[in-house]
Amino acid sequence: MAISNDLSGVTFDWPVRVYYEDTDAAGVVFYANYLRFMERGRTEWLRALGYEQDLLRDEQGILFAVRRVGLEYRVSALFNDLLLVRSAVKHLGGASIEFEQSILRQADGKECCRGTVNVVCLDARTKRPRRMPSEMVDGILSGMERSARDSKG
């Protein structure tokens, strides 16, 4: 099932501060840490929709795992920068979610990194792909519809 065109522009923003531990010796964000920032954005997006990953594992028997990532680095983020992780659902399938994510430097709005991340739903016991519970798919869609209405109103 694909997201309808009127929801494709719905985004979720999560602020992240660059700490010393996120940088290399020159004070530039180490390239792999952008993936960590994106992970936080997706986790907080789920949380904002009412889903805690530990409860999904314990109560629904599902996990989410990254299956594929494609990134483009554009402008370096530096120590102490305040960043904005922007996440949008590009495609919602029965057992996967494709995200478009970008990391913006809040001071000047420049895009530091952008990419697509494909996340697959797994059975917590077998670690094999499985369909997301229909109630969760409905919850994601209704949460996105609410966000779209709120942003227009």
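Everything discussed here concerns the structure shown above.
First, a word on what this report is: a plain description of the structure on this page. This structure is a prediction, so every number in the text was calculated from the model and none was measured. (Residues numbered from 1 in each chain as written. Predicted model: local features only at pLDDT ≥ 70, side-chain atom pairs only at ≥ 80, totals over all residues. Heavy atoms only, no water.)

### Looking at the overall build of the protein
- Across its full length, the protein holds three helices and five strands.
- A globule of 153 residues ought to have a C-alpha radius of gyration of about 15 Å, and the protein, at 16 Å, matches this closely.
- Residue burial in the protein is summarised as follows: out of 153 residues, 42% are buried.
- Considering only intrachain contacts with a sequence separation of at least 6, the fraction spanning at least 24 residues in the protein is 68%.
- Summed over its atoms, the accessible surface of the protein is roughly 8600 Å², and 49% of this surface lies on carbon and sulfur atoms.
- Side-chain charges of the protein comprise 22 positive and 22 negative groups, with the mean position of each set lying 4 Å from the other. (Helix = DSSP H or I, 4+ residues; strand = E, 2+ residues; numbered from the N terminus. Rg over C-alpha atoms; globule rule 2.2 N^0.38 Å. Buried < 20%, exposed > 50% of the residue type's maximum accessible area, 1.4 Å probe, protein only. Contact = heavy atoms within 4.5 Å. Areas by Shrake-Rupley, 256 points an atom, 1.4 Å probe, with all protein chains shown as cover. Lys, Arg positive; Asp, Glu negative; His and termini not counted. Charge placed at Lys NZ, Arg CZ, Asp CG, Glu CD.)

### Describing the nonpolar core
- Counting 33 residues, the largest nonpolar core has W45, F64, I97 and I140 as its most contacted members.
- For this core, the secondary structure elements donating two or more residues are β1 (12-17), α1 (33-48), β2 (62-73), β3 (82-92), β4 (96-105), β5 (111-123) and α3 (134-152).
- Not counting residues within four places of it along the chain, the set of residues in contact with I97 comprises W45, F64, V89, H91, L92, V117, N118, V119, M132 and I140. (Core = buried A, V, L, I, M, F, W, Y, C linked by side-chain atoms within 4.5 Å.)

### Regarding the state of the cysteines
- What the rule picks out here adds up to zero disulfides.
- Not part of a disulfide, C113 finds its nearest cysteine sulfur in C112, a span of 8.1 Å. (Disulfide = S-S within 2.5 Å.)

### Description of the sheet that holds β3
- As summarised here, the arrangement of the five strands in space is β1-β3-β4-β5-β2, forming an open sheet in which the pairing is antiparallel. Either end of the sheet is taken by a strand with one partner, and the two such strands are β1 and β2. Recorded for the sheet is a direction-independent mean angle of 25° between the axes of neighbouring strands.
- Direction of pairing for β2 relative to β5: antiparallel, over a ladder of eleven bridges. Within the sheet, the bridge partner assigned to R68 lies in β5 and is N118.
- α1 rests against β1, β2, β3, β4 and β5 of the sheet, and its axis sits at about 120° to β4.
- Lying on the sheet, α3 is in contact with β2, β3 and β4; it crosses β3 at an angle near 125°. (Pairing = 2+ DSSP bridges. Axes fitted to C-alpha atoms, helices over the stretch in contact; angles between N-to-C directions.)

### Concerning the environment of V120
- Locating V120 in the fold gives a position in strand β5.
- With relative accessibility at 10%, the residue V120 sits in the buried group.
- Residues V120 and A148, 28 residues apart in the sequence, show an inter-C-alpha distance of 24 Å.

### Things to note about the pattern of salt bridges
- This model, assessed by the stated rule, comprises twelve salt bridges.
- For E98, the salt bridge identified is with R68, shortest N-O distance 3.7 Å. With E98 in strand β4 and R68 in strand β2, this pair connects stretches of sequence that are 30 residues apart.
- A residue is classified by how much of its surface remains accessible, and E98, at 13% relative accessible area, is buried.
- Each member of the salt-bridge network shares a partner with another, and the members are E72, R74, E111 and R114. (Salt bridge = Lys/Arg side-chain N within 4 Å of Asp/Glu carboxyl O.)

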